[in-house]
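Descriptive analysis of the structure
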Amino acid sequence: MNLVNGGSMSNESNDILFVNFNQDCTSLAVGTKTGYRLYTINSLEKLQETFSCEREIEDICIVERLFSSSLIAIVSIANPRKLRVYHFKKGTEICNYCYSNTVLSVRLNRNRLVVCLEERIDIHNISDMKVIHTIRDIPSNPKGLCALSVDNEKSYLAYPGSSQVGEVQIFDTINLRPITMIPAHDSPLSAIAFDWHGSKLATASEKGTVIRVFSVPQGKRLFEFRRGIKRNATIYSLSFSPDALFLSASSNLETIHIFRLDIPRERPQEDNQSWMSYFNKAVQSAVTYLPTQASEVLTQDRAFATVNVPNSALNHRNICALNYIQKNLRLLMASADGYFYMFEVNVNEGGICKLLTQSSIHVPSPNIFNNSLGKEVVSNLNNHQISADNSLANNSCNLQSLPDNSSDINKNNESD
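Residues numbered from 1 in each chain as written. Predicted model: local features only at pLDDT ≥ 70, side-chain atom pairs only at ≥ 80, totals over all residues. Heavy atoms only, no water.

1. Some words on the overall build of the chain
Let me state the cut-off plainly: Elements are defined by DSSP. Helices are runs of H or I of four residues or more, strands are runs of E of two residues or more, and each kind is numbered from the N terminus. For the exposure calls, accessible area comes from a 1.4 Å probe over protein chains only, and a residue counts as buried if that area is under 20% of its type's maximum, exposed if over 50%, partly exposed in between. For this analysis, residues touch if any pair of their heavy atoms sits within 4.5 Å. Here the accessible surface of atoms and residues is derived via Shrake-Rupley with a 1.4 Å probe, and residues count as covered only by protein chains that are part of the display.
Of the regular secondary structure elements, the chain holds 3 helices and 30 strands. In the chain, which comprises 416 residues, the proportion classed as buried is 56%. A fraction of 49% describes how many contacts in the chain between residues 6 or more apart in sequence connect residues 24 or more apart. Accessible surface, the chain as shown: approximately 18,900 Å² in total, 45% of it carbon and sulfur.

2. Some words on the sheet that holds strand E10 (residues 112–116)
So the rule is basically this: Strand pairing is assigned whenever DSSP detects at least two bridges linking the two strands. Angular values range over 0 to 180 degrees, each being the angle between N-to-C directions of two axes fitted as lines to C-alpha atoms, with helices fitted over their stretch in contact.
One open sheet holds the 4 strands; their spatial order is E9-E10-E11-E12, and the pairing between them is antiparallel. The sheet terminates laterally at strand E9 (105–108) and strand E12 (131–136), the two strands that pair on one side only. Going across the sheet, the axis of each strand differs from the next one's by a mean of 15 degrees, ignoring polarity. Summarising the sheet, E10 and strand E11 (residues 120–125) pair through 5 bridges and their orientation is antiparallel. Considered in E11, the bridge of Arg-112 is made with Asn-125.

3. Some words on the pairing of strand E22 (residues 246–251)
By the criterion of burial, E22 is predominantly enclosed, with 6 of the 6 residues buried. With burial as the criterion, each face of E22 is covered, one bearing Phe-246, Ser-248 and Ser-250 and the other bearing Leu-247, Ala-249 and Ser-251. With 5 bridges joining them, strand E21 (residues 235–240) and E22 adopt antiparallel strand pairing. Counterpart to Leu-238 in the pairing with E22 is Ala-249. Here E21 hands over to E22 after 5 residues, with Ala-244 in that stretch at a positive phi of 60 degrees.

4. Details of the side chain of Ser-70
Stated precisely, the cut-off is as follows: Under the rule applied, a polar contact is a pair of N or O atoms within 3.5 Å (in protein, one hydrogen donor and one hydrogen acceptor; residues adjacent in sequence only if both atoms are side-chain atoms).
The residue Ser-70 is located in the loop between strand E5 (60–65) and strand E6 (71–76) in this model. At 3.2 Å, the side chain of Ser-70 and the side chain of His-87 are in polar contact.

5. Focus on the environment of Leu-148
Within the secondary structure, Leu-148 sits in strand E13 (residues 147–148). In the structure, Leu-148 is positioned 40 residues away from Leu-108 in sequence and 7.1 Å away in space, judged by C-alpha atoms. Excluding residues that lie within four positions of it along the chain, Leu-148 makes contacts with Arg-107, Leu-108, Asn-109, Arg-112, Val-114, Ser-155, Tyr-156, Leu-157, Thr-173 and Phe-194.

6. Regarding the packing of aromatic side chains
Here is the rule: Only rings of Phe, Tyr and Trp enter the pairing, Trp through its six-membered ring, and a pair is recorded when the two centres are within 6.5 Å. The plane angle decides the type: under 30 degrees is stacked, over 60 is edge-to-face, the rest tilted.
Within this structure, the stated rule accounts for 10 aromatic pairs. Ring centres of Phe-246 and Phe-304 lie 5.8 Å apart, and the angle between their planes is 45 degrees; on these two criteria the pair is classed as tilted. One end of the pair, Phe-246, is in strand E22; the other, Phe-304, is in the loop between helix H2 (292–299) and strand E24 (305–308), with 58 residues separating them in the sequence. One aromatic cluster is present, built from ring pairs that chain together Tyr-36, Phe-51, Tyr-86 and Phe-88.

7. A short note on the pattern of salt bridges
Quick reminder of the rule: Should a side-chain nitrogen of Lys or Arg be within 4 Å of a carboxyl oxygen of Asp or Glu, the pair is scored as a salt bridge.
Tallied over the full model, the rule gives 8 salt bridges. With its nearest N and O atoms 3.7 Å apart, the salt bridge here joins Arg-107 to Glu-64. You can see Arg-107 sitting in strand E9 and its partner Glu-64 sitting in strand E5, a full 43 residues away along the chain. Here Arg-260 makes a salt bridge to Asp-262, at a shortest N to O gap of 3.0 Å. A single network of salt bridges, built from pairs that share partners, joins Arg-212, Arg-221 and Glu-224.

8. With respect to the sheet that holds strand E18 (residues 200–205)
Taken in spatial order, the 4 strands make up an open sheet running E17-E18-E19-E20, and their pairing is antiparallel. Bordering the open sheet on either side are strand E17 (189–194) and strand E20 (221–226), each of which pairs with just one other strand. Along the sheet, successive strands turn relative to each other by an average axial angle of 20 degrees, direction set aside. Relative to E18, E17 is paired through 5 bridges, and the arrangement is antiparallel. Its bridge partner being in E18, Ala-191 is matched across the sheet by Ala-204.

9. Describing the nonpolar core
Selection criterion: Here, nonpolar core means buried Ala, Val, Leu, Ile, Met, Phe, Trp, Tyr and Cys residues that are tied together by side-chain atoms lying within 4.5 Å of each other.
Of all hydrophobic cores here, the largest spans 35 residues; its most connected members are Tyr-36, Val-63, Leu-83, Val-85, Val-103, Leu-113 and Met-129. When sequence neighbours within four positions are dropped, the list of residues in contact with Val-85 reads Leu-71, Ile-72, Ala-73, Glu-93, Ile-94, Cys-95, Leu-113 and Met-129. Counting 19 residues, the second-largest nonpolar core is a separate cluster that includes Ile-325, Ala-334, Met-342 and Ile-361.

10. Topic: the environment of His-133
With respect to the helices and strands, the residue His-133 is situated in strand E12. Note: C-alpha distance between His-133 and Asp-122 (11 residues apart in sequence) is 6.1 Å. Non-local contacts of His-133, meaning those with residues more than four positions away in its chain, are made with Ile-121, Asp-122, Ile-123, Phe-171 and Leu-176.

11. Re the environment of Tyr-39
By secondary structure assignment, the location of Tyr-39 is in strand E3 (residues 35–41). Here Tyr-39 falls in the buried class, since its relative accessible area comes to 3%. Distance in space between the C-alpha atoms of Tyr-39 and Thr-26 is 8.6 Å, their sequence separation being 13 residues. At 3.0 Å, the side chain of Tyr-39 and the side chain of Arg-37 are in polar contact.

Without other data, these values stay purely geometric and don't point to any function.
Structure follows, in structure tokens:
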């Protein structure tokens, strides 16, 4: 989450400019005014700092890591049109690109690297970093809102199809063709997210009261959840659990909602029906006679579990993710207040989630910082530049610097 272009929530209390989880939520990247840091979320449910580059590459507003590999993509405030990709462990640059406008967001999976500008999206082949397709003249997207599925076979890209209403355009980045347009909301989009398999897409509008889930690529509405009725909210993040059974939604308000994506089951007929069963039947019958908006409120599902945002994180932007650690579902939250939080989610009972750990991501560990490596990276970054505007064909990427672990990057995709 880019905290510079993210909205009105200020971040004057510390130097954090960007926070985001990697594709499988096992790593956290933090961009700061003095550099960037990488953390690992280990099996002991603790946040461990694994790499730090400070005081040499400054004002990092985007830092994206490819799974747990050594490939990093960064953008700085000083050079907002320049994307730099390098092997951070070796300290060697892979390549860099200059664009015609500010880079607003970057997305990675094992096949593609996607760069989102306000009115254009460039798709790179991850194996050689060449631009293989450009989506031009997209509706104005000043926040760089987009999502890239992490599945190797379903490498779908989602981005706003309109700046006036909540339409979502789905694009196949493997076969390089549009798939479908989903009319998700009446208001412009605020957040979108794929599940881990690329078969579901969650959406939220700028009103932030309703969360919807659609099938991909069919575009059929599968679920509709009500976050609230009285107050609108700015949705910061949406995230599916690995099994796509749960969906989290964080916002500028004091509660994070976790929804359960259950297939509705028919309840057996009761001989001795309670007053509640009669009430439910009455509500269902009344729905058909009520206006559309009123009937939707009555039929939308509510949160299965909730997280009370800690007081220290209130009024700060955050990003959340769901992941299983030691077979236990956890909600992970990184906040612009400078802390990482982990909450326990009871998959059987739901309810209010318990805070398990809180770790600082504000102060770097002195034994992690490698000054000589930072200088080498800066030197490499300053010696190369590739224009993505007019001379993409002259790409001189250092392919030997690409991580060679086949588990990190699958180079044998036949569609490439």
